[in-house]
Amino acid sequence: MKLEVKASTLVSLFTLIGLLFISGIIHFVSRSLTGGGGGGGGMESTIANTEGNPINKLIGTGLLLTCLFFSIKYKLLLNKDFIYRNFWVFIFVTFILISYFWSVEPSTTFKRSIFLLSMVFFAGYLSRFYTITTIFTYLGYLIALTAVIGLMRAILFPSEAFLNGGIRDGAFLGMFIEKNGGARRYMFGILLLLPAIYSHNRKALLAAGICLLCLLMARSASSIVLLTIALGTVTYLNQIVLTKQYNLNNSRYWLGILFYFIGLLIAYQAYEFILFLVGRDATLTDRTVIWEILIPLIQDKITLGYGYGAFWSSYGAEEFMESWGYVGNAHNGYLEILLHGGLPFLILFCLMVIKGFVGAVNNASCVQYTKEYNVCIAIIVMLLISNFIAYSLPNHNSFDFFIFMVIMFYVNKRPGARQYDK
């Protein structure tokens, strides 16, 4: 009897492994089996994270090589149309790779660039094989699964599932080592399941409810504010009346977007008041002090930066630590972008985002998958805001960045385009 394995089975298996890895479930299982600490997210966890995890390296490299195989053999990602539609994404990633040549720590840049590349390619792979509805639902349910695992851990090992001591005592960690990172995942789970919820999917509503419970238990004020902004954005966009005429829809969307940004500017004027409402001070837990110390170091290499991911392993970090101590990142993605590649890298990032945002609005105007693309618009706006207070983009080790890249590939794609569609 001849044993045959269907190509679709291999694709599904690869997708499953990739999603389990990106979501953190594989890392959680390996950490639990090897007796790794669950939490705290303190100094030891940060340094270990900086050095890299062997399993992460192995699976991350596997993801990249498999995606490259698909790309070369079947022209899945490396074809003229796909590159054209995602031109600024490819230029952005290329800049990261070539920063190796001027990096102050080339080995660090190389390792982190490869891991980031695996996340980008895997996100592109998903956009080629699955519709936006399918992948949003898959990711939403997977995040809900991480929330369930965290709740089970809280029942069986409460000392590991909650923070102990300090001002965040009792905050929910779940299966993650850092509460804010976990909270942002639950936030994404809720947002990605919104289209299914609008379609009266009760399972999606239950999954989102579990994510919301874990988010509240994590006591992450920033994640709650960001979720509120995103939900408000989706609700607002869903009120735009659409017809069968694309040009009319497009005009209405851009007019609505104009009023939306005017509203954001007005809300920004109440910045300190909003922080007061959520119990945060104007320095954002001393983040502004960290930024002031970093700015002169950024200006020293404003032309091309220190190389992707290299600053915190370089002499610049030593100078920073003399003034502040070890923090691992700038707690501001835009400052990190300048550290990585200076002004050229920031400009490329802006061009990629602008192209993606325009694509999201145009695709939402096409009626098909409108609710999904409304969620895309909301997540783009939310991530651009959160990137001011957290290193989310372009972080090689961030679930936020993976979601961002998934969205970038879908918004640059024709709405309703089938897999392999050129």
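Everything numeric in this text was worked out from a predicted model, so none of it was measured. (Residues numbered from 1 in each chain as written. Predicted model: local features only at pLDDT ≥ 70, side-chain atom pairs only at ≥ 80, totals over all residues. Heavy atoms only, no water.)

**As for the overall build of the protein chain**
- Of regular secondary structure, the protein chain possesses 20 helices and zero strands.
- Out of the 422 residues belonging to the protein chain, those deemed buried represent 49%.
- Taken as a whole, the protein chain presents about 20000 Å² of accessible surface, with 66% of it coming from carbon and sulfur. (Helix = DSSP H or I, 4+ residues; strand = E, 2+ residues; numbered from the N terminus. Buried < 20%, exposed > 50% of the residue type's maximum accessible area, 1.4 Å probe, protein only. Areas by Shrake-Rupley, 256 points an atom, 1.4 Å probe, with all protein chains shown as cover.)

**Concerning helix α4 (residues 54-74)**
- Between its first and last C-alpha atoms α4 spans 30 Å; for 21 residues at 1.5 Å apiece the expected length is 30 Å, and the two agree.
- Residues of α4 that are buried include every one of Asn56, Ile59, Gly60, Leu63, Leu64, Cys67, Phe70 and Ser71, and no others. Looking down the long axis of α4, one finds its buried residues gathered within 140° of arc, a one-sided arrangement. Seen from the buried face of α4, the exposed residues on the opposite side, beyond 90 degrees, are Pro54, Leu58, Leu65, Ile72 and Lys73.
- Count one or two residues on from α4 and you reach lysine 75, which has phi positive near 50°. (Expected span 1.5 Å × (residues − 1). Arc of directions from axis to C-beta.)

**Remarks on the pattern of salt bridges**
- Counted according to the given criterion, the structure contains three salt bridges.
- Note that glutamate 160 and arginine 153 form a salt bridge whose closest N and O atoms lie 3.2 Å from each other.
- In this structure arginine 153 comes out as buried when scored by relative accessible area, which is 7%.
- The residue arginine 184 makes a salt bridge to aspartate 400 at a minimum N-O spacing of 2.7 Å. With arginine 184 in helix α10 (residues 179-192) and aspartate 400 in helix α20 (residues 399-411), this residue pair connects regions lying 216 residues apart in the sequence. Across this residue pair, the class does not change: arginine 184 and aspartate 400 are buried. (Salt bridge = Lys/Arg side-chain N within 4 Å of Asp/Glu carboxyl O.)

**Concerning the packing of α4 against helix α7 (residues 106-129)**
- Remark: α4 packs on α7, axes separated minimally by 8 Å, with the N-to-C direction vectors making an angle of 50°. By the angle class used here, α4 and α7 are oblique. Judged by the sense of rotation from one axis to the other, the crossing of α4 with α7 is left-handed. Packed against α4, whose contacting residues are Asn56, Gly60, Leu63, Leu64, Cys67, Leu68, Phe70 and Ser71, the element α7 presents Ile114, Phe115, Leu117, Ser118, Phe121, Phe122 and Tyr125 at the interface.
- Grouping the constituent residues of the contact of α4 with α7 by class yields eleven nonpolar, four polar and no charged. (Axes fitted to C-alpha atoms, helices over the stretch in contact; angles between N-to-C directions. Parallel < 35°, antiparallel > 145°, perpendicular 65-115°, else oblique. Left-handed = near helix turned anticlockwise from the far one by under 90°. Contact = heavy atoms within 4.5 Å. Nonpolar A, V, L, I, M, F, W, Y, C, P; charged D, E, K, R; others polar.)

**Remarks on a nonpolar patch on the surface**
- There is a patch of nonpolar side chains on the surface, built from Tyr236, Leu255, Leu258, Phe259, Ile262 and Ile266 and spanning about 580 Å² of accessible area.
- Sorting elements by how many residues they give to the nonpolar patch places helix α14 (residues 246-269) first, with five residues.
- Position of leucine 258 among the secondary structure elements: in helix α14.
- A residue is classified by how much of its surface remains accessible, and leucine 258, at 48% relative accessible area, is partly exposed. (Patch = residues over 30% accessible without salt bridge, like charges linked within 9 Å, V, L, I, M, F, W, Y side chains within 5 Å.)

**Re the nonpolar core**
- Formed by 109 residues in total, the largest nonpolar core has its most connected members in Phe122, Tyr125, Ile379, Phe402 and Phe404.
- Here phenylalanine 404 is in contact with Phe349, Met352, Val353, Leu383 and Leu393, once residues within four sequence places are set aside. (Core = buried A, V, L, I, M, F, W, Y, C linked by side-chain atoms within 4.5 Å.)

**Notes on helix α16 (residues 287-300)**
- The end-to-end C-alpha separation of α16 is 21 Å, in line with the 20 Å expected for 14 residues at 1.5 Å each.
- Inspection of α16 places Arg287, Ile290, Trp291, Leu294, Leu297 and Ile298 among the buried residues, and these make up the whole buried set.
- Close packing links the buried residues of α16 with α17 (315-323) and α18 (333-364).

**Here's the deal with the packing of helix α8 (residues 132-156) against helix α19 (residues 370-386)**
- Running from amino to carboxyl end, α8 crosses α19 at an angle of 60°, the nearest separation of the two axes being 10 Å. In terms of orientation, α8 and α19 fall into the oblique class. α8 and α19 meet at a crossing whose hand is left-handed. Contact residues: α8 offers Ile132, Thr133 and Phe136, while α19 offers Glu372, Tyr373, Val375 and Cys376.
- For the contact of α8 with α19, the per-class residue count stands at five nonpolar, one polar and one charged.

**Considering the packing of aromatic side chains**
- Per the counting criterion, the structure on display carries 32 aromatic pairs.
- With a centroid separation of 6.1 Å and an interplanar angle of 50°, the aromatic rings of phenylalanine 92 and phenylalanine 349 are classed as tilted. Highlighted residues: phenylalanine 92 in helix α6 (residues 87-98) and phenylalanine 349 in helix α18, separated in sequence by 257 residues. When sorted by exposure, phenylalanine 92 lands in the same class as phenylalanine 349, which is buried.
- Following the ring pairs from residue to residue traces out a cluster consisting of Phe14, Phe122, Tyr125, Phe129, Tyr130, Tyr138, Phe188, Phe399 and Phe402.
- We note lysine 301 situated over the ring of tyrosine 306; from NZ or CZ to the ring centre the distance is 5.8 Å. (Phe/Tyr/Trp six-rings, centres within 6.5 Å; stacked < 30°, edge-to-face > 60°. Lys NZ or Arg CZ within 6 Å of the ring centre and 35° of its normal.)

**Details of the confidence of the model for the protein chain**
- When pLDDT is averaged across the protein chain, the result is 86; 88% of the residues are at 70 or more.
- Scored below 50 in pLDDT, residues 37-51 shows 23 contacts in the model against residues more than four places distant or in partner chains. (pLDDT = per-residue confidence, 0-100.)

**What to know about the side chain of threonine 146**
- Note on placement: threonine 146 falls in helix α8.
- Every residue in contact with threonine 146, bar those within four places of it in the chain, is listed here: Ser23, Ile25, Met175, Phe176 and Tyr186.

**Details of a negative patch on the surface**
- Together, Asp300, Glu318, Glu319 and Glu322 make up a negatively charged patch on the protein surface.
- Within the fold, glutamate 322 resides in helix α17. (Lys, Arg positive; Asp, Glu negative; His and termini not counted. Charge placed at Lys NZ, Arg CZ, Asp CG, Glu CD.)

**A few points about the environment of isoleucine 337**
- Structurally, the position occupied by isoleucine 337 is in helix α18.
- Separated by 30 residues in sequence, isoleucine 337 and glycine 307 have C-alpha atoms that sit 9.8 Å apart.
- Once residues within four sequence positions are removed from consideration, isoleucine 337 is found in contact with Gly342, Phe345, Leu346, Phe349, Leu393 and Pro394.

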